[in-house]
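Fold and contact review
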Amino acid sequence: SGKAGKYFIQMNARSGSLTDTKKLIGYIFINDTELNRALFQTASSNGSEQYSVTVSGVYSLSAGDTVKGAVIHQSGGTVAFQQNGAWISGFRLIGA
């Protein structure tokens, strides 16, 4: 961040096809420390559906802090993530 304060941060990842009953987990890291995660458990009967996981929160940041989003899957092998469904965003909360 360029300025200290409270920030709303959100990340999203959209998977390619995952196999049945597997997990998709999204994370937010600040300064390489995991601060928040969200879990999506698939329950697909055909294993060819796409899923999204979104993580968000309000965090106190100092000037120079780094923010990263990450996602892992439990499907085994390689899963292509959708380019138009992966993003991270944030904004500083005024007056917070």
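Anyway, here's the lowdown on the structure attached to this text. (Residues numbered from 1 in each chain as written. Predicted model: local features only at pLDDT ≥ 70, side-chain atom pairs only at ≥ 80, totals over all residues. Heavy atoms only, no water.)

The residue Asn31 is not glycine, and still its phi comes out positive at about 55°. When you line up the elements, Asn31 lands in the loop between strand E2 (23-30) and strand E3 (33-41). By relative accessible area, which is 39% here, Asn31 ends up partly exposed. Positive phi outside glycine occurs at Asp32, with the angle close to 65°. As for its placement among the helices and strands, Asp32 is situated in the loop between E2 and E3. For Asp32, a relative accessible area of 58% corresponds to the exposed category. (Helix = DSSP H or I, 4+ residues; strand = E, 2+ residues; numbered from the N terminus. Buried < 20%, exposed > 50% of the residue type's maximum accessible area, 1.4 Å probe, protein only.)

What follows deals with the nonpolar core. Judged by nonpolar contacts, the single largest core of 13 residues is most densely connected at Ile9, Ile28, Ile30, Val53, Val55, Tyr59 and Leu61. Taken together, the elements giving at least two residues each to this core come down to strand E1 (5-14), E2 and strand E4 (52-61). Tyr59 has contacts with Gly5, Lys6, Tyr7, Ile9, Ile28, Ile30, Leu35 and Asn36, leaving out every residue within four places of it along the chain. (Core = buried A, V, L, I, M, F, W, Y, C linked by side-chain atoms within 4.5 Å. Contact = heavy atoms within 4.5 Å.)

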